[in-house]
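The primary structure of each chain is shown beneath.
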Amino acid sequence: MIGIIDYKAGNLTSVARALHYLGQPCEVTDDPEVLEACDRIIFPGVGAAGEAMINLRSQGLDLRLREWVASGKTTLGICLGTQVIFEGSEENDAVCLGIVPGSVRRFPGDLKDREGRFLKIPHMGWNHVEFSRPHPVFAGLSADAEFYFVHSYYPAPADDRWAIGWTDYGLRFCAAVAHENLVAVQFHPEKSGAPGLQILANFCRWEGNDAQ
Amino acid sequence: MLSKRIIPCLDVRDGKLTKGIKFKGNIDIGDPVEAAREYYEQGADEIVFYDITASSDARNIMLDVVRRVAETIFIPFSVGGGIRSVEDMRAVILAGAEKISVNSEAVKNPALIEEGAKAFGNQCVVLGMDVKKVAIRPEIPSGYEIVIHGGRIYTGRDALQWAKEGESRGAGEICLNSIDADGTQEGYEIELTRLVSSQVRIPVIASGGAGKAEHLLDVLTKGQADAALIASIVHYRTHTIQDLKTYLNGQGVKVRMQW
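Within any chain, residue numbers begin from 1 and follow the written order of that chain's sequence. Written order decides the labels, with chains lettered from A and ligands numbered from 1. Totals for whole chains, interfaces and linings use every residue, but because this is a predicted model, local features are given only for residues with pLDDT of at least 70 and side-chain atom pairs only at 80 or more, for both listing and counting.

Asks: Give a description of the overall build of chain B that names residues and reports values.
Replies: Per the secondary structure count, chain B includes 10 helices and 13 strands. Between the two quantities, the radius of gyration covers C-alpha atoms and the globule rule is 2.2 Å times the number of residues to the power 0.38. Expected size for 259 residues packed as a compact globule is a radius of gyration near 18 Å; at 17 Å, chain B falls within 12% of this value. Considered along the principal axes of its C-alpha atoms, chain B spans approximately 55 × 45 × 35 Å. Burial status across chain B gives 55% buried among its 259 residues. Going along the chain from the N terminus, every DSSP run of H or I of four or more residues is numbered as a helix, and every run of E of two or more is numbered as a strand. Around each residue's C-beta, the other C-beta atoms within 10 Å are counted; 20 or more make the residue buried, 12 or fewer make it exposed, and counts in between make it partly exposed. All C-beta atoms are placed from the backbone.

Asks: Report on the sheet that holds strand β1 (residues 2–5) of chain A, specifying residues and quantitative values.
Replies: All names here are of chain A. Here, any two strands with at least 2 DSSP bridges between them count as paired. On the basis of which strands lie adjacent, the open sheet formed by eight strands has the order β2-β1-β3-β4-β14-β13-β12-β9 and mixed pairing. Only two strands of the sheet have a single neighbouring strand rather than two, namely β2 (26–29) and β9 (130–131). Pairing geometry for β1 and β2, over four bridges, is parallel. Pairing of I5 across the sheet is with T29, part of β2. Two residues form a contact once the distance between their C-beta atoms, set from the backbone, is within 7 Å. Geometry is summarised by axes, namely lines fitted to C-alpha atoms with helices restricted to the contacting stretch, and by angles between N-to-C directions that run from 0 to 180 degrees. Strand contacts of helix α1 (residues 13–21): β1, β2, β3 (40–43) and β4 (74–78), with the helix running at about 170 degrees to β2, the strand carrying the most contacts.

Asks: Can you break down the packing of helix α3 (residues 86–95) of chain B against helix α5 (residues 111–120) of chain B residue by residue, with the values?
Replies: All names here are of chain B. Between α3 and α5, the shortest axis-to-axis distance is 10 Å and the interhelical angle comes to 40 degrees. As summarised for this structure, α3 and α5 are arranged oblique, according to the angle between their axes. At the point where α3 passes α5, the crossing takes the right-handed sense. Residues V86, M89 and I93 of α3 form the contact with α5, whose participating residues are E115, G116, A119 and F120. Grouping the amino acids of the contact of α3 with α5 by side-chain chemistry returns five nonpolar, one polar and one charged. Under this scheme an angle from 65 to 115 degrees is roughly perpendicular, one under 35 degrees roughly parallel, and one over 145 degrees roughly antiparallel; angles in between are oblique. Note: crossing handedness is left-handed where the near helix turns anticlockwise from the far helix by less than a right angle, and right-handed where it turns clockwise. Ten residue types, Ala, Val, Leu, Ile, Met, Phe, Trp, Tyr, Cys and Pro, are classed as nonpolar, four, Asp, Glu, Lys and Arg, as charged, and the remainder, Gly among them, as polar.

Asks: I'd love a proper account of the pairing of strand β7 (residues 100–106) of chain A, names of residues and values included.
Replies: Two elements, strand β5 (residues 86–89) of chain A and β7 of chain A, share three bridges in a ladder whose sense is parallel. The partner of F86 of chain A across the bridge, within β7 of chain A, is V100 of chain A.

Asks: Describe the environment of K99 of chain B, listing the residues and the values that go with them.
Replies: Residues and elements named next belong to chain B. Residue placement: K99 occurs in strand β7 (residues 99–102). Judged by the 26 C-beta atoms lying within 10 Å of it, K99 is buried. Along the backbone, K99 and V79 are 20 residues apart, and their C-alpha atoms lie at a distance of 6.6 Å. Non-local contacts of K99, meaning those with residues more than four positions away in its chain, are made with P76, S78, C124 and V126.

Asks: Go over the interface of chain A and chain B with me, naming the residues and quoting the values.
Replies: In this complex, chain A contributes 32 residues to the contact, which on the side of chain B involves 27 residues. When contributions to the side of chain A that touches chain B are tallied by element, the ones reaching two or more residues are α1, β8 (123–128), β10 (146–151), β12 (163–169) and α6 (193–205) of chain A. Looking at the side of chain A that touches chain B residue by residue, the class counts come to 14 nonpolar, 11 polar and seven charged.

Here it is in structure tokens:
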């Protein structure tokens, strides 16, 4: 069973729908005991980091999530879920979970494209991810695959060894993190068509060992 | 770099497409769920549903369409038409849409943009704007005026100022429809698109006038649009989304070619 953590951060049903489509049993829940019993956890979400942390703390899920990742539970972060596993975010100056060393930064307001035009924020739409090494969760993807992003803040790991995927939007940012039993992506695999479904299917089969 | 998005728009009334769509073997499709699936497979980057259902009793039919679409396509989609409150937005989002678009409703009640952005995040709220070219006058300095109810009512609002106001109120994106170009298949309103897109910092989807692939090229380059909305050009099978993307890619426009 895959547990999808419900911490009141946006509509979490799209991840559940994608897993149903793949024939994978899952449950959207905020009950720590139900999540404890799951062999895999997905930590999704859209919204603001500050509010997300308040909700996680009030539900006691912040400490449990740290425990689960540390104890080896296979975990996938998506979008805001990925951002709050870092130490902190410039969004609301939020202190976050600190599972991954590093911070989450706002795209600078003066970001420009190659023609010198201001880039739009949020970074919204389809973009490439360049993977720096093979990983079971990102196996079988075409080099031309693109993924759907919508975000104004981006993850900046303190140590590049945590980063596995990179994306260019005026600057090069970390779009995917992989470390031991944890994988986290800034884009939305549940909204990225076939390549996104491939990542979710890979995650459902993954035993949680990073083949680094 | 970010790809330019190609977005088919489906008009839905009482749960059915308002015009049948011709597909492979010239089969006429009247079911919006099947049409959405077909466009998903052709490489659409996003899908827009516009609900033109007149009676509020039939709103639940649209929610059922949204739920069925969400079970079968795994790209973002938005729903617009008749959304008057945060509760209307919530119902559509819980049914599975990523974004909701507000148009006439936001002109009548601009606070709807803020309320939606606060409840669901800026990325959820698309400001739809119907625009007509008019003579420049003090209250319309850009020469483009916001119209509502399909272009029948002039609002006295300047299009560029309304776009900026929508952005500051928290819209995450603008869908900019030229009423003059809409349905002509003679090309997008390039001037208007460039004017708005270059002066707001949120993505702009150009709408109205696509009749051939060159029109998309123009609006995505000269018009500086972030995305192009298309309807008749694909509904009547003049082109497939794949054809359009192959052309744009050959012209050096970055579009998503793998799906």
